[in-house]
Amino acid sequence: MNSNAAIGIIDSGVGGLTVARAVIDQLPNESIRYIGDTANGPYGPLPISEVRDHALALLESLADQGVKALVIACNTASAAMFRDAKERYSDRLGIPVIEVIQPAVRTAVTRTRTKRIGVIGTEGTIKSRAYQDSFVADPEIVVTAAACPRFVEFVEAGVTSGDELFAVARDYLQPLKDAKVDTVVLGCTHYPMISAAIQYVMGPDVSLVSSADATAFEVYQSLVSHNILRTDSSAPTHSFETTGDDTVRFETLAHRFLGLEVNRVDAFPTGTIPTIADINEETQ
Ligand code: DGL
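Residues numbered from 1 in each chain as written. Predicted model: local features only at pLDDT ≥ 70, side-chain atom pairs only at ≥ 80, totals over all residues. Heavy atoms only, no water.

Novice: If you had to explain the nonpolar core to someone new, which residues and values would you point to?
Specialist: Ranked by size, the top nonpolar core spans 57 residues in total, and within it Ile9, Val23, Ile120, Phe151, Val184, Tyr191 and Ile198 carry the most contacts. In terms of residues, this core owes the most to one element, helix H8 (residues 163-178), which gives seven residues. Among the nonpolar cores identified, the runner-up in size contains 23 residues, and Leu59, Val67, Ala85 and Ile273 belong to it. (Core = buried A, V, L, I, M, F, W, Y, C linked by side-chain atoms within 4.5 Å. Buried < 20%, exposed > 50% of the residue type's maximum accessible area, 1.4 Å probe, protein only. Helix = DSSP H or I, 4+ residues; strand = E, 2+ residues; numbered from the N terminus.)

Novice: Describe the pattern of salt bridges, naming the residues involved and giving the relevant values.
Specialist: A full pass over the atoms with the stated rule returns 15 salt bridges. In this structure, Lys68 and Glu30 form a salt bridge, with 2.6 Å as the shortest nitrogen-oxygen distance. In this pair, Lys68 sits in the loop between helix H2 (48-64) and strand S3 (69-72) while Glu30 sits in the loop between helix H1 (17-26) and strand S2 (32-36), placing the two residues 38 residues apart along the sequence. Exposure remark for Glu30: the relative accessible area of 2% places this residue in the buried category. We note a salt bridge from Asp246 to Arg249, for which the minimum N-O separation is 3.7 Å. Counted as one network, the salt bridges with shared partners bring together Arg52, Asp53 and Asp84. (Salt bridge = Lys/Arg side-chain N within 4 Å of Asp/Glu carboxyl O.)

Novice: Give a detailed account of the sheet that holds strand S7 (residues 183-186), specifying residues and quantitative values.
Specialist: Pairing within the open sheet is parallel, and its four strands lie in the order S6-S5-S7-S8. Edge strands, defined here as strands with exactly one partner in the open sheet, are strand S6 (142-147) and strand S8 (207-210). With strand direction ignored, the average angle separating the axes of adjacent strands in the sheet is 25°. Lying over the sheet, H8 contacts strand S5 (116-121), S6 and S7, oriented at roughly 170° with respect to S6. (Pairing = 2+ DSSP bridges. Axes fitted to C-alpha atoms, helices over the stretch in contact; angles between N-to-C directions. Contact = heavy atoms within 4.5 Å.)

Novice: Mind laying out the packing of helix H4 (residues 101-111) against helix H10 (residues 211-225), listing which residues take part and the relevant values?
Specialist: Viewed as axis vectors pointing N to C, H4 and H10 meet at an angle of 115°, and their least axial separation amounts to 8 Å. Here the hand of the crossing between H4 and H10 comes out right-handed. Residues Pro103, Ala104, Arg106 and Thr107 of H4 touch H10, and the partners they reach there are Ser211, Ala214, Thr215 and Glu218. Split by residue class, the contact of H4 with H10 holds three nonpolar, three polar and two charged. (Left-handed = near helix turned anticlockwise from the far one by under 90°. Nonpolar A, V, L, I, M, F, W, Y, C, P; charged D, E, K, R; others polar.)

Novice: Got a sec to walk through the environment of Pro45? Specific residues and values, please.
Specialist: Its location among the elements puts Pro45 in the loop between S2 and H2. Pro45 sits 104 residues away from Pro149 along the chain, and the two C-alpha atoms are 7.8 Å apart.

Right under this line is the structure:
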């Protein structure tokens with residue numbers, strides 16, 4: 001494994017940039033290759049098998065590019081295919097694969113005082129019960145889960161406040177308020193970008209858990225334990241690719257949400273990242 005290779009990060013769009021930001025903060029000497037699957041995303045409303053195919057295709061593309069670790073910076077994709085990805089890349093090829101759900105669960109468990117935890121995410125993530133099942137280890141924990149599908153629309157449109165967002169948020173979050181949760185897991189990597197709006201609606205006493213920092217720490221631990229921290233003294237490179245033809249919009253949002261590290265965005269014309277079905281066909 002080349003320790004000077006980049007860390008590969010995938011998401012359905014711009015949400016995974018919250019994880020990329022945390023990785024850059026905790027591992028400032030590391031290079032990053034990020035793919036946002038805007039041609040196929042958002043993943044939330046898609047059948048889980050489709051999410052699995054799209055997300056595995058992105059990982060395959062990054063593995064082909066020689067990355068040294070893979071980060072699934074999307075809860076919906078983590079719920080759909082983490083086990084497959086771990087088997088394919090980590091177990092068979094020795095490329096560590098890190099996902100976002102378990103780090104968020106661990107953080108929420110240490111944060112809650114009342115053991116009433118709320119989880120919000122896409123329809124795909126909430127329906128998969130990946131979070132609900134992860135909390136069963138402590139039978140005293142009561143989880144209230146709510147799908148908040150329109151939040152992704154707001155984030156992708158760059159909307160972080162305003163009457164429409166607040167009205168939608170009040171509606172989605174009411175069950176969590178009724179359940180008197182003291183901790184809310186932002187179970188979608190897009191949501192940290194509207195965390196102020198969520199905090200505003202939930203009130204100041206509720207603690208919001210984003211998986212970004214905990215996931216970045218898992219990446220840190222993984223690179224240290226595999227002895228693959230970058231040793232090159234030249235400046236690291238950060239490259240961001242979008243599968244859609246929306247490079248300008250992606251770059252604008254990425255600059256807004258990630259900062260100036262995003263100085264270049266490349267586009268894969270739609271369909272040029274092969275799906276797993278194509279890859280299987282080629283190898284048969
Ligand atoms: N960022 C993705 C997640 O964490 C969701 C956005 C989408 O629907 O694709 O689940």
